[in-house]
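Structural overview
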Amino acid sequence: MSTTPPAAGTVSATTAAPSTSATLAALPTSGRAGAAAVTAKEAYLVDVTAGTVEYARRQTRRVPVASLTKVMTAYVVRRSASLDDLVTVSKDDVRHAAANGATHAGLRAGERLTVRDMLYALMLPSGADAANALARRYGPGVKGFVAKMNRAAKTLGMRDTLYKNADGLPKPGGDRSTAQDQVRLANAVLADPVIATIARTPRYATGKTAVHRAHVWRNTNRLLPDEAQGLKTGYTRPAGYCLLFTSVRGGHTLVGAVLGDRSDAARYSSARVLLDGASANGV
């Protein structure tokens, strides 16, 4: 996330997206999902199973997306690392989160955790400390890692996305993406069973070992587990309240993004309106 209030963020989806990123841009818009109570500035909802766009509002407008950035961080790590690799937390990783007032996973310098554990630390509490440690290790170096993120975005067809760091914290020159691009990314990560499992997990605990303390991380996504199966929340002042989400309704996998909402509660309300609207109209 970033400078943060409560956020949400988790995912799962067992239905593979039938669309490549190129196909996604061309999906027909049904316009069936209700819109009256959607307060997000930008919003996009796709019925992946039917191959239709259920709702679109300023879906191609380029805006900051705060900690939704960490979804791409997880995606790149999965292509760069083994889940059993050990990552050593540095003082700089801890300071990075503390100095920016960011959400963190409570990591301490010198701890060594597996990549699997670090992905939970990244996604559930939205740890900027975990993001920095992973980027530093698998760039190698944060700058190199961000270059990998931008290459991945290009490969996925996210033409309106530019990353400046691995955690979505505000930075001069600013990162940017769109609701449509974020749904493209969600479709890609949902095809990865590891990230999908992590994103839908409400709580994860790792016991004390010789190389790290015990940790318990809780998912900040308040739609879990009954209303949705993921994916990630984000908040900064420039980005507002953001949510990338997926839910299975009536056998249909719905994937959506709301960006720039006015409050923590509002982003969940906007997501529910979109999901319920789609369900009420035959999904």
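So, here's what we can say about the structure. (Residues numbered from 1 in each chain as written. Predicted model: local features only at pLDDT ≥ 70, side-chain atom pairs only at ≥ 80, totals over all residues. Heavy atoms only, no water.)

Things to note about the sheet that holds strand β9 (residues 252-261)
Note the following rule: Two strands qualify as a pair provided DSSP detects at least 2 bridges between them. Here a strand is any run of E in DSSP of at least two residues, a helix any run of H or I of at least four, and the numbering for each starts at the N terminus. The axes used here are C-alpha line fits, helices contributing only the stretch in contact, and every angle between their N-to-C directions lies in the interval 0 to 180 degrees.
The strand order across the open sheet formed by five strands is β2-β1-β9-β8-β7, and the pairing between neighbours is antiparallel. Each having just a single partner strand, β2 (52-57) and β7 (231-236) make up the two edges of the open sheet. Strand-to-strand, the axes of this sheet are offset by a mean angle of 5°, without reference to chain direction. Relative to β9, strand β8 (residues 240-249) runs antiparallel, the two sharing eight bridges. Opposite Tyr 241, over in β9, you have Asp 261 as the bridge partner.

What to know about the packing of aromatic side chains
Which entries qualify depends on this criterion: Centre distance within 6.5 Å is the pairing criterion for rings of Phe, Tyr and Trp, where only the six-membered ring of Trp is used; planes under 30 degrees apart are then read as stacked, over 60 as edge-to-face, and the remainder as tilted. Classification of residues uses two cut-offs on accessible area relative to the type maximum, computed with a 1.4 Å probe and protein chains only: under 20% is buried, over 50% is exposed, and between them is partly exposed. Note on criteria: charge over ring means Lys NZ or Arg CZ within 6 Å of the ring centre, with the direction from the centre no more than 35 degrees off the ring normal.
Scanning all chains against the criterion turns up three aromatic pairs. Look at Tyr 204 and Trp 217: their rings are 6.2 Å apart centre to centre, the planes differ by 5°, and that puts the pair in the stacked class. Here Tyr 204, found in strand β5 (residues 203-206), pairs with Trp 217, found in strand β6 (residues 215-218); they are 13 residues apart in sequence, far enough to count as distant. Of the two residues, Tyr 204 and Trp 217, both sit in the buried class. Measuring from centroid to centroid gives 4.3 Å for Tyr 235 and Tyr 241, while their planes differ by 35°, and the two rings are tilted. Feature note: the residues Tyr 120, Tyr 204 and Trp 217 constitute an aromatic cluster, connected by ring pairs. Positioned over the ring face of Tyr 75 is Arg 79, at 3.6 Å from the centre of the ring.

Focus: the nonpolar core
Spelled out, the test is: The nonpolar core is taken to be a set of buried Ala, Val, Leu, Ile, Met, Phe, Trp, Tyr and Cys residues, with the residues joined through side-chain atoms within 4.5 Å. In what follows, residue pairs with any heavy atoms lying within 4.5 Å of each other are defined as contacts.
Counting residues in each nonpolar core, the largest one holds 64 residues, and the members touching the most others are Met 72, Met 118, Leu 119 and Trp 217. Look past the residues within four positions of Met 118 in its chain and what remains in contact with it is Val 87, Val 89, Leu 107, Leu 113, Ala 130, Ala 133 and Leu 134. Residues Tyr 55, Leu 223, Ala 228 and Phe 245 belong to the second largest nonpolar core, which totals 16 residues.

As for the packing of helix α2 (residues 69-78) against helix α6 (residues 142-155)
The test is simple: Roughly parallel means an angle under 35 degrees; roughly antiparallel, over 145; roughly perpendicular, 65 to 115; everything else is oblique. Three residue categories are used. Nonpolar comprises Ala, Val, Leu, Ile, Met, Phe, Trp, Tyr, Cys and Pro, charged comprises Asp, Glu, Lys and Arg, and polar comprises the others, including Gly.
Interaxial distance between α2 and α6 falls to 10 Å at its minimum, and their mutual angle equals 95°. One finds that α2 runs roughly perpendicular with respect to α6. Contacts from Thr 69, Met 72, Thr 73, Tyr 75, Val 76 and Val 77 of α2 reach α6 at Phe 145, Lys 148, Met 149, Ala 152 and Ala 153. Class assignment for the residues of the contact of α2 with α6 results in eight nonpolar, two polar and one charged.

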